Every structure is written in structure tokens, then in C-alpha cells.
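# Remarks on the overall topology
Okay, here's what each chain looks like letter by letter:
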Amino acid sequence: FQYASSLQSIDVSDWNLSALTNATGMFNGCTALQSVTMPTAATTASGQSFYGSGIRNIYVEPDNASLVSRNGLLFDRSDHLMAYPPARGELAATVSGPLAGVNAYAFYQIPRLTSIYIDNPKPDGAVATLATNGIVAADDCDISIYINDGSYDGSLYNDYKEEASWETFDGA
């Protein structure tokens, strides 16, 4: 589907995508496409799958055993953020828990994005994991990350940098 700029909608719910091993760029350049529903057989995707598209919401068929949509964001069933839609136009993104981690390329070149708020990532108070390349800033953006760890005082990302899974994030 890459660069199908006039594609406005697509229903892949009946497609067997179980053999698809690399969805990178699948909807890249589909600027008129505003949402997509991941089929029952889909097991993975990342922000790279939707880069450069008009997608504002990612939905998942309810009987999908691997993926789930929450507030239009794509998660796996273990509460790892798989993909944040690129065309929401937000300066600040909020990801509400539970959140076990942010997978590679979950935030991939989101235009205009300058802040990410992670609200109460894990119910047990443990720090969520951040994969290498979990956040890849657009060329002209620096991104600040804020975490509400459940204490309701909104801890800064730097409070978490001592945890092994979080690294200092410099932005673009």
C-alpha cells in the first residue's frame, strides 16, 4: 500500500496476514488514510508501519489474540505500546496505563510532537521498559518525556534514567 496517497479506507479484517513478517512501511505515504483496523491474524506492527500516513487511529479486530487498541493506539496483549498513530497532529501525546513498555519505533517520526506523557505506566509501581529506538523524533522536534508514576506528582523522565531499561533521551 506504500504511497497510495488516494487510499481513504481499507478493510483488511478478512485478510490472512499471518505470513507477513515485516510490516515496515506498509501504509507509508497513504496520506488520505485516517484509520486502519488490524485483522484477527495480525501479530505485530510498529510505528514504522504507519510512517508518513494520515492515520489518526489504529483499531484491532476484537478476537485478535496478539494485539489490542486503546484510545486508537496499538498495544500488544502484554500492554507494550506497539504504535502511536502519526497524524493526530498533537504537540503532546498521552499514553495511559497500564503500560508495560514502549516497543521499538512505537513513536516513529511523529510530526510536531514535542512531549510524551505516560500516565501511571504500571499498576505495581515498577518502571515501564523503553526499547532502543522506541522514540524516534521527527527531524525538527525535540521531545520531552514526563511520567506520572502513580504518586500523582508527575515525575520527570530524568527521574527514571537510572533504571536499566531507560536511557537518556536527547530528542532530534
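Residues numbered from 1 in each chain as written. Predicted model: local features only at pLDDT ≥ 70, side-chain atom pairs only at ≥ 80, totals over all residues. Heavy atoms only, no water.

## Details of the overall build of the protein
Using the following cut-off: Runs of H or I in DSSP of at least four residues are treated as helices and runs of E of at least two as strands, each being numbered from the N terminus. When a residue's accessible area, from a 1.4 Å probe over protein chains only, is under 20% of the maximum for its type it is buried; when over 50% it is exposed; and in between it is partly exposed. Residue contacts are defined here by distance: any two heavy atoms, one from each residue, within 4.5 Å place the two residues in contact. Every accessible area reported is derived by Shrake-Rupley at a probe size of 1.4 Å, with residue values counting cover from the shown protein chains alone.
When its secondary structure is counted, the protein shows 0 helices and 13 strands. If you list the helices and strands of the protein from N to C, you get β-β-β-β-β-β-β-β-β-β-β-β-β. For the protein, the proportion of its 172 residues judged to be buried stands at 44%. Pairs at least 24 apart in sequence give 51% of the contacts found in the protein among residues at least 6 apart. For the protein, the computed accessible surface area is about 8500 Å², with 45% contributed by carbon and sulfur atoms.

## Some details on unusual backbone geometry
In this structure, Asn71 takes a positive phi of about 55° despite not being glycine. For Asn71, the position within the fold is in the loop between β3 (67–70) and β4 (73–76). In this structure, Asp79 is a non-glycine residue whose phi angle is positive, near 70°. Tracing the backbone through its elements, the reader meets Asp79 in the loop between β4 and β5 (80–83).

## Quick notes on the pattern of salt bridges
Applied cut-off: By convention in these notes, a salt bridge is any Lys or Arg side-chain nitrogen within 4 Å of a carboxyl oxygen on Asp or Glu.
Throughout the structure, instances matching the rule amount to 1 salt bridge. A salt bridge links Asp79 to Arg70, with the shortest nitrogen-to-oxygen separation between them at 3.0 Å.

## Points about the environment of Gln48
Positionally, Gln48 belongs in the loop between β1 (35–38) and β2 (57–60). Taking the C-alpha atoms as reference points, Gln48 and Tyr105, 57 residues apart in sequence, are found 6.3 Å from one another.

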